[in-house]
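# Structural features, examined
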Amino acid sequence: MQHYLQFKDFSADEYAYLFARASLIKKKFKAYEKHRTLVDRTLAMIFEKASTRTRVSFEAGMYQLGGSVVHLTTGDSQLGRAEPIEDSAKVISRMTDLVMIRTFEQTKIERFAANSRVPVINGLTNEFHPCQVLADIFTYIEHRGSIAGKTVAWVGDGNNMANTWLQAAELLGFTVHVSTPSGYEVNQSVAGLRSSDSYRVFTDPLQACQGAHLVTTDVWTSMGYEAENEARRAAFASWCVDRTMMAAAAPDALFMHCLPAHRGEEVEAEVIDGPQSVVWDEAENRMHAQKALMEYLLLGRLA
Ligand code: CP
Ligand code: NVA
């Protein structure tokens with residue numbers, strides 16, 4: 001049994017399979033062809049933080065595969081009343097086939113997985129957001145082909161998305177140019193990297209974007225860090241992806257944002273709503289990529 005708790009849980013070869021499978025699943029979806037490989041399987045979705053995309057993509061995706069879902073939040077379950085995560089894992093995994101969790105510390109999802117009889121998927125933690133980067137790289141491949149050897153500029157917080165991009169770079173052979181305000185840097189050990197070979201740090205976000213094939217950013221304040229909002233607004237003021245940064249990137253550079261976005265903060269409206277932006281494809285591709293992921297975790301490779 002395999003879990004998907006961070007990007008490096010799969011090999012480059014497994015990603016090649018998943019991207020090809022997501023592409024097939026997407027084609028069938030667009031052609032209104034049924035693709036029901038998970039009939040009678042049940043996915044439990046546990047949300048300890050808010051969500052739009054993750055919930056809709058997993059829920060719609062699982063129904064399309066012929067399965068069903070159970071939706072739990074902290075507030076409407078015993079998780080909010082201090083039932084141990086280990087006990088919750090034992091119970092939930094006896095009644096369902098697959099579990100997706102969005103929570104705070106990575107250690108919490110690890111404790112759940114250690115006590116689960118079924119595969120567990122990380123739907124975002126403070127440290128990682130592997131399903132998003134899975135969809136983002138699938139989106140890059142659709143638009144531009146292989147990401148190997150390319151340069152991705154990360155402009156903003158050294159957060160869960162940044163850590164996941166760094167793991168992906170190490171695994172899939174591309175480079176990340178990281179620019180964060182001081183005090184919000186990425187941390188190699190938190191990101192779970194083998195070395196610093198696949199990323200370069202820039203104090204100036206414009207320099208990080210020079211020649212990049214993909215420019216990406218995220219909110220200044222992630223869920224769970226709202227108390228730091230004011231300090232972050234001041235610290236991040238120069239980390240707004242604008243037309244000057246996009247002009248410094250490669251001429252055919254793409255812009256990505258996992259969403260939700262704050263126009264005028266981490267990205268200028270002209271960039272996110274402009275011709276280089278593929279944010280709506282990224283959002284849609286969450287569903288196709290996660291259908292491939294759920295199928296893989298439950299059934300392995302299919303012809
Ligand atoms: N990008 C993403 O995970 O969005 P949600 O918070 O809406 O799920
Ligand atoms: N870094 C953001 C991503 C939201 C999808 C957060 O954790 O809130």
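See above for the structure.
To keep things clear, this report deals only with the structure shown in the data block. What you see is a predicted model, and the numbers here were worked out from it, not measured in a lab.

## Overview of the state of the cysteines
One way to say it: the disulfide is the covalent bond shared by the sulfur atoms of two cysteines. Using the criterion set out here, one finds 0 disulfides in the structure. Cysteine C240 shares no disulfide, and the gap to the nearest cysteine sulfur, in C209, comes to 11 Å.

## Side note on the sheet that holds strand β9 (residues 254-257)
On the basis of which strands lie adjacent, the open sheet formed by 5 strands has the order β7-β6-β5-β8-β9 and parallel pairing. Bordering the open sheet on either side are β7 (199-201) and β9, each of which pairs with just one other strand. On average, adjacent strands in this sheet sit at an angle of 20° to one another, irrespective of strand direction. Against the sheet, helix α5 (residues 130-144) contacts β8 (214-217) and β9, and its axis sits at roughly 160° relative to β9.

## Things to note about the pattern of salt bridges
The tally for this structure, following the rule as stated, stands at 13 salt bridges. Here E48 and K108 are joined by a salt bridge, their closest N and O atoms 2.8 Å apart. Separated by 60 residues along the polypeptide, E48 in the loop between β1 (42-47) and α2 (53-64) and K108 in helix α4 (residues 106-114) bring together distant segments of the chain. One salt-bridge network, held together by shared partners, links D157, E228 and R232.

## As for the site of ligand 2
Around ligand 2, the neighbouring residues are L124, N159, N160, D218, V219, S222, M223 and L259. N160 is positioned such that a nitrogen or oxygen atom in its side chain is 2.8 Å from an oxygen atom of ligand 2. Out of a free accessible area of 270 Å², ligand 2 has 94% covered by protein chains. Each residue belonging to the shell around ligand 2 can be placed in one class, and the counts come to 4 nonpolar, 3 polar and 1 charged.

## Some details on unusual backbone geometry
Put simply, L259 and P260 share a cis peptide bond, and its omega is 5°. In this fold, P260 is placed in the loop between β9 and α10 (269-272). Its identity is not glycine, yet Y32 carries a phi of approximately 55°, on the positive side. The topology assignment puts Y32 in the loop between α1 (12-30) and β1. Looking at Y32, the relative accessible area reads 78%, which means it is exposed.

## Regarding the site of ligand 1
By nearness alone, every residue bordering ligand 1 is listed as S51, T52, R53, T54, R102, H129, Q132, C258, L259 and R286. For ligand 1, an oxygen atom lies 2.7 Å from a polar atom in the side chain of S51. In the model, an oxygen atom of ligand 1 is placed 2.7 Å from a nitrogen or oxygen of the T52 main chain. Here the shell around ligand 1 is built from residues that sort into 2 nonpolar, 5 polar and 3 charged.

What counts, and at which threshold
- Residues numbered from 1 in each chain as written.
- Chains lettered and ligands numbered in written order.
- Predicted model: local features only at pLDDT ≥ 70, side-chain atom pairs only at ≥ 80, totals over all residues.
- Heavy atoms only, no water.
- Disulfide = S-S within 2.5 Å.
- Pairing = 2+ DSSP bridges.
- Helix = DSSP H or I, 4+ residues; strand = E, 2+ residues; numbered from the N terminus.
- Axes fitted to C-alpha atoms, helices over the stretch in contact; angles between N-to-C directions.
- Contact = heavy atoms within 4.5 Å.
- Salt bridge = Lys/Arg side-chain N within 4 Å of Asp/Glu carboxyl O.
- Near = heavy atom within 4 Å.
- Polar contact = N/O pair within 3.5 Å; in protein donor to acceptor, adjacent residues only side chain to side chain.
- Areas by Shrake-Rupley, 256 points an atom, 1.4 Å probe, with all protein chains shown as cover.
- Nonpolar A, V, L, I, M, F, W, Y, C, P; charged D, E, K, R; others polar.
- Buried < 20%, exposed > 50% of the residue type's maximum accessible area, 1.4 Å probe, protein only.

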